[in-house]
Amino acid sequence: QEEDDSEGEAPDIVLRGDGKCTKCHDETSDYPVFAIGKTKHGTVADSRTPTCTSCHGESDQHMNNDDAMPPPPSRTFGKNSTTPILERDQACLDCHQGGKRMNWIGSAHANRDIACTSCHQIHTDRDRVRDKMTQSETCFTCHKEQRAQINRPSRHPIREGKVVCSDCHNPHGSAGPSMTVRDSVNETCFTCHMEKRGPFIYNHPPAQENCAICHNPHGTTAPNLLKVRSPFLCQECHEPNSHQSSLGTITGAYARNTLARGCMNCHTNIHGSNNPENVRNEGLFQR
Amino acid sequence: EQDEDIKRLTKPQSTINFGAGYLFNDNARFGQFNGLRDDGFYGIFNLDIIRRNDDTGTWFRLQGRNLGFRNRDVRLEHSRQGNWGYFFEFSQTPRYEPFTANTAVGGIGSSHLQVPTTPTAGGPEHLKTERESFAFGINKFLPANFELQLHFKNEDKDGARIFGRGNRLGPPGPTAVGGYEFLPEPINYTTRIFGATLNYNGKDLQLSGGYYGTLFENKNKALTTTGGSSVGGIFAPALFTPIALPPDNQAHQAFLSGGYSFNPHTRGTFKASYTIASQTDGFFPTQLAAPGAPSNLHGKVDTTLVQAALTSRPLSKLNLLANFRYEDREDKTPVFLYNPNAFNVDLNGNRWTGFNTPRSFRTFTNKFEANYALPMNLRLIGGIDYEHWDRTGTPQTTGHRNSTDELSGRIELRRTMAETVTGTLSYIHSDRWGSHFLTQTTATGQPFFNLIAPINLADRNRDKVRLLLNWEPFEPLSVQAAVDHSWDDYNGDRNNSGFGIKKGIARNYSLDAVYTFSENLQANAWFSRNETQIDQANRTPAPRVPWSVKLENLSTSFGVGINGRPHEKLDIGTNITYSEITDKFKQSITEVECCPGNTPVPDIKFKQGRWNLFARYALQKNLGLRLDYILDYFKTNEWTWSGWTYTDGTRLSQDQRQWVNFLGISAYINWQ
């Protein structure tokens, strides 16, 4: 997609044919553009890289106007843009529709009128959403519940930039639920917690079905990202036979179900046990 | 000089930042993932070296972050843009256990532990795990819009984490306490992820196909012990050895995904994959193997995924979306008898199966959505989601139903254009139901239990309302308000028992504001209130008195930040975040005849705050100083470990109030 707009009078500064734009849009203008030269888009040796008009359109009315406030370019991307979002996104998708962005059209974000430029900064060498230390701030502008959850005492190291939203979610859409990077919630969790995959001799059914039945990966007050503390969590599924229906208590014999690891004080291999020895409660994950 | 200015503004810039920081306080929470746990000096060293050859479009980039800390990252990239590229990456992530264990258990970190036979005081142990990963990848653009990508990642995770064994059973009866012992689990894992992808990026057609492989290897097969409590006869904790550790496993996936734009208004996408996962790790030697049991599980799980979506805009005002997903996880693991003793009737009249428990799932997920533009910049969106699960399995200690269905309907009204006020109001309703619950039976074949429907299988009605408002009352100020409420109504009981989960409620309120005083000074503030509530019921062990509990989680958080450039040489920024979280456990009763001496579960409160401050002063155009200051505060009355002593004498504790100060001073140099 090569374009040559270099017939303008002003010399090009960054992109091919940008002279007609940069003669006004220098660093003193309200819309400075030079920083795009620092980016991959500014690597003009790559013949695929865009010109100003590749993204912003020919913008004849904008350029052939001497008013102090000329009409905007054909295609704009700022927060007050009147360019339809589909048209804005198409400027990006013309080149970036493949690979991990294949599912963008039809994704939850696209269907909620999120534009590519709602998250991405183009005219800067540091796109905040592509930096592990700052990515989550972009996501949290909409996902406010998660913004609060990452400060809970049981959490992933998101604040430290060691786990970021895009480690688990593909914001451009995926074949998995909740835009998970792998095809299911569990397969996504296994990319870091593969020891939970098994299969085991004795499998804990919810652990195989969906990690999120018991865990909230965004942060919890209960240890190990559990949604609820033991024994209450376990009692949401297990029949009230004997000890498993005990009250929550921090003293007395049944404190063993509440304190420390709670029910896991005994049922230690809670995700599943691969112990072939056949005597004592392997099927109850005690060994 | 103009050329220099242009170069400064348009060419990539490298930076090195180095100095030292001092941590004024030992802590357990602040340093949990960054390694800044013990007071003292730490090196500050970050770099970002970028070179681009403008003639060839060749990039070289070396990034190093937190090189003086234990959570360091290094990435080296070399590429000719649009032609070829490769990268190497190293990452280190510690996780310090926030609780200190005072324990006499020996051999921590190994797969053989020495456990005191009677309560014994021990010294402090700070458990820790650490991940170290190394990755590399290659990409090469090929003729005809093809691109080949190869990737490999190896991650080692080492250390030890909280684990243990215990058994309530023992003479003279089921309420006798056997004992609980602290057995830190040795972690020595290797995880490898690798694959090859061939992408085709045409104008209308995009394809991506290839292979994705994952391997897990655990150096420790089992945890064995010497010592330990012999109280409890044949159920004594000392006899609970060896304890299985996670087995090696692997999976291999072939996949093909694609997208095709039929015309500017219609696009289809799909993904198909087939995954073969296996677990054939040899069993560790045992004294009591069941006759005929194999030498390993011969675990095999094959998963088929087919997903397809079609989006279309048949009218300029109407968008349609249809999405279909089918996943079949077929567990082909052969079934053997591993525990003949399971057929014996236990103390409660139950008997179980001693066979291994392979489980298969099939899920169908369908989504349909229509999006229509109304006058006055309004947009109306309606959608229907349907999910169906088929499961194999039998009821054992929980209820089981073979299939569940969930149907959701949603409607949303949205202002789509940028004006002073934009907003979204949406309502979602979903129903979940399923096949009949399979009947559990006693050793004599009589129905037994069948009182609780598990939370993930129970019938459920869910309603959710969400409101999002963006308001820009005047140019420098923007405000965003978000409110959502959801109500879950579960039918968690079976046979009119009145037990199980009943209700769930979630409420979230947020208010954000951004104020731009000038190009050189911006401020932001946010507030969030999050509340969840779960109502569930149960009955105590004999004499079986019904009880219920209302579990509440209440959280209030806020943040304030300012960034500015008060002087052309000075950049400053500061922000404060604070969270206060309370867990409440409202039980209907706290004392019953069966088990006197109960103490109601107290509320748990967490308070956490952080103040960050940075200032950067340019001594020259390419040289300056940077100051970083962090004040971190953590306070809790958490009782998880405070009232607990293991039978071996181990106790875990944490400092319930932690103040941490960190001050860093560093220099930075930029160049091009």
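Residues numbered from 1 in each chain as written. Chains lettered and ligands numbered in written order. Predicted model: local features only at pLDDT ≥ 70, side-chain atom pairs only at ≥ 80, totals over all residues. Heavy atoms only, no water.

**Q** Which residues make up the overall build of chain B, and what values do they have?
**A** For chain B, the helix and strand inventory stands at one helix and 34 strands. Based on the C-alpha atoms only, the size of chain B along its principal axes is roughly 90 × 65 × 55 Å. Here the analysis covers contacts within chain B between residues at least 6 apart in sequence; of these, 62% occur between residues at least 24 apart. As displayed, chain B offers around 30800 Å² of accessible surface, 59% of which is attributable to carbon and sulfur atoms. Here chain B contributes 70 positive and 67 negative side-chain charges, whose respective centroids are spaced 2 Å apart. (Helix = DSSP H or I, 4+ residues; strand = E, 2+ residues; numbered from the N terminus. Contact = heavy atoms within 4.5 Å. Areas by Shrake-Rupley, 256 points an atom, 1.4 Å probe, with all protein chains shown as cover. Lys, Arg positive; Asp, Glu negative; His and termini not counted. Charge placed at Lys NZ, Arg CZ, Asp CG, Glu CD.)

**Q** Go over the overall build of chain A with me, naming the residues and quoting the values.
**A** For chain A, the helix and strand inventory stands at eleven helices and two strands. Counting from the amino terminus, helix and strand elements in chain A follow one another as α-α-α-α-α-α-α-α-α-α-β-α-β. By the compact-globule yardstick of 19 Å for 287 residues, chain A is too spread out, its C-alpha radius of gyration being 27 Å. Principal-axis analysis of the C-alpha atoms gives chain A an extent of 85 × 35 × 30 Å. Pairs at least 24 residues apart make up 42% of the contacts formed inside chain A by residues separated by at least 6 positions. The positive charge centre, built from 31 side chains, and the negative charge centre, built from 35, are 14 Å apart in chain A. (Rg over C-alpha atoms; globule rule 2.2 N^0.38 Å.)

**Q** Any chance you could break down the sheet that holds strand β33 (residues 651-653) of chain B for me, citing the residues and the numbers?
**A** Residue and element names in this part refer to chain B. As summarised here, the arrangement of the three strands in space is β8-β6-β33, forming an open sheet in which the pairing is antiparallel. Two strands in the sheet have a free side with no partner beyond their single neighbour: β8 (123-125) and β33. Strand-to-strand twist of the sheet, defined as the mean angle between neighbouring strand axes without regard to direction, takes the value 30°. Across three bridges, strand β6 (residues 100-103) lies against β8 in antiparallel orientation. By the bridge assignment for β8, T103 is matched with G123. (Pairing = 2+ DSSP bridges. Axes fitted to C-alpha atoms, helices over the stretch in contact; angles between N-to-C directions.)

**Q** So, helix α4 (residues 85-96) of chain A: which residues are in play, and what are the values?
**A** Residues lying three or four places apart along an α-helix face the same way, a consequence of the helix completing one turn every 3.6 residues. Taking 1.5 Å as the rise per residue, α4 of chain A with twelve residues should run 16 Å; its terminal C-alpha atoms sit 16 Å apart, in good agreement. If you check which residues of α4 of chain A are buried, you get I85, R88, D89, A91, C92 and L93 of chain A. (Expected span 1.5 Å × (residues − 1). Buried < 20%, exposed > 50% of the residue type's maximum accessible area, 1.4 Å probe, protein only.)

**Q** Could you give an account of the packing of aromatic side chains, with specific residues and numbers?
**A** All names here are of chain B. In total, this model carries 32 aromatic pairs over all chains according to the counting rule given. Ring centres of Y86 and F88 lie 6.0 Å apart, and the angle between their planes is 70°; this geometry places the pair in the edge-to-face category. A relative accessible area of 37% places F88 in the partly exposed class. Taking 5.7 Å as the distance between ring centres and 85° as the angle between the ring planes, the aromatic pair formed by W644 and Y646 counts as edge-to-face. In this pair, the class of W644 matches that of Y646, namely buried. Among the aromatic side chains, those forming a connected cluster through ring pairs are W84, Y86, F88, F134, F136, F152, F194 and Y211. Taking NZ or CZ as reference, R75 lies 4.3 Å from the ring centre of F87, over its face. (Phe/Tyr/Trp six-rings, centres within 6.5 Å; stacked < 30°, edge-to-face > 60°. Lys NZ or Arg CZ within 6 Å of the ring centre and 35° of its normal.)

**Q** Which residues make up the environment of R379 of chain B, and what values do they have?
**A** Residue and element names in this part refer to chain B. Tracing the backbone shows R379 in strand β22 (residues 378-391). We classify R379 as buried; its relative accessible area is 16%. In terms of polar contacts, R379 uses its side chain to reach the side chain of N371, at 2.5 Å. (Polar contact = N/O pair within 3.5 Å; in protein donor to acceptor, adjacent residues only side chain to side chain.)

**Q** Before we move on, could you go through the environment of V181 of chain A and cite the residues and values that matter?
**A** All names here are of chain A. Inspection of the secondary structure puts V181 in the loop between α9 (165-168) and α10 (185-190). Residue classification places V181 among the partly exposed residues on the basis of a relative accessible area of 29%. For the pair V181 and K100, spaced 81 residues apart in sequence, the C-alpha separation works out to 9.2 Å. Among all residues touching V181, those that are not within four sequence positions of it are S166, D167, C168, H169, N170 and T188.

**Q** Break down the pattern of salt bridges for me, citing the residues and quoting the values.
**A** All names here are of chain A. Applying the stated criterion across every chain, the model contains 54 salt bridges over all chains. Note that E87 is salt-bridged to R75, the shortest N-O span being 3.8 Å. Pair noted here: E87 is in helix α4 and R75 is in the loop between α3 (60-63) and α4, with a separation of twelve residues, a long-range link. According to the relative accessible area criterion, R75 is buried, its value standing at 18%. (Salt bridge = Lys/Arg side-chain N within 4 Å of Asp/Glu carboxyl O.)

**Q** How would you summarise the pairing of strand β21 (residues 361-374) of chain B if you had to cite specific residues and measurements?
**A** Residue and element names in this part refer to chain B. Pairing analysis gives twelve bridges linking strand β20 (residues 318-331) to β21, with the strands arranged antiparallel. Its bridge partner lying in β21, L320 is registered against A370. Bridge count between β21 and β22: 14 bridges; the pairing is antiparallel. In the strand pairing of β22, N371 is matched with I381. Between β21 and the antiparallel strand that follows it, β22, lie three residues; M376 among them carries a positive phi value of about 60°.

**Q** Let's hear about the interface of chain B and chain A: which residues, and what values?
**A** In this assembly, 187 residues from chain B lie in contact with 116 residues from chain A. Across the chain B to chain A interface the summed buried area is about 12900 Å²; carbon plus sulfur atoms make up 52%. When residues of chain B are sorted by the area they lose upon contact with chain A, L9, F33 and Q81 of chain B head the list and together hold 5% of the total. For the pair chain B and chain A, the number of links is twelve salt bridges. Put simply, E239 of chain A and R494 of chain B hold a salt bridge, and the shortest N to O gap is 3.8 Å. For the side of chain B that touches chain A, the residue count by class is 73 nonpolar, 73 polar and 41 charged. (Buried area = accessible area lost by both parts, 1.4 Å probe. Nonpolar A, V, L, I, M, F, W, Y, C, P; charged D, E, K, R; others polar.)

**Q** Outline the sheet that holds strand β16 (residues 243-244) of chain B, listing residues and values.
**A** Residues and elements named next belong to chain B. Strand order in the open sheet made by the three strands is β7-β15-β16, with mixed pairing throughout. Each having just a single partner strand, β7 (112-115) and β16 make up the two edges of the open sheet. Note that β7 and strand β15 (residues 222-227) share four bridges and pair parallel. When the bridges of β15 are listed, H112 appears paired with T224.

**Q** Outline the nonpolar core, listing residues and values.
**A** Soluble, globular proteins show a tendency: their nonpolar side chains are buried together. Grouped together as the largest cluster of nonpolar side chains are 46 residues, with contacts concentrated most on F232 of chain A together with F182, W641 and L652 of chain B. Looking at this core, the elements with two or more residues in it are β7, β12 (179-182), β29 (546-567), β30 (570-587) and β31 (604-620) of chain B. Not counting residues up to four positions away in its chain, the partners in contact with W641 of chain B are A260 and R261 of chain A together with F99, I162, Y646 and L652 of chain B. (Core = buried A, V, L, I, M, F, W, Y, C linked by side-chain atoms within 4.5 Å.)

**Q** I'd love a proper account of the confidence of the model for chain B, names of residues and values included.
**A** Residues of chain B with pLDDT of at least 70 account for 96%, and the chain-wide mean is 93. Confidence over residues 170-174 of chain B falls short of pLDDT 50; this stretch has eight contacts with residues more than four positions distant or in other chains. (pLDDT = per-residue confidence, 0-100.)

**Q** Go over unusual backbone geometry, please, and point to the residues and values.
**A** Note the cis peptide between G198 of chain A and P199 of chain A, where omega equals 0°. You can see P199 of chain A is positioned in the loop between α10 and β1 (202-203). That bond from S230 of chain A to P231 of chain A is cis: its omega, 5°, falls within 30 degrees of zero. For P231 of chain A, the position within the fold is in the loop between α11 (205-209) and β2 (272-273). For S59 of chain A, which is not glycine, the phi torsion reads 55° and is therefore positive. A relative accessible area of 6% places S59 of chain A in the buried class. Even without a glycine there, the phi angle at R544 of chain B is positive, about 60°. Inspection of the secondary structure assignment puts R544 of chain B in the loop between β28 (521-539) and β29. The exposure class assigned to R544 of chain B is partly exposed, which follows from its relative accessible area of 40%.

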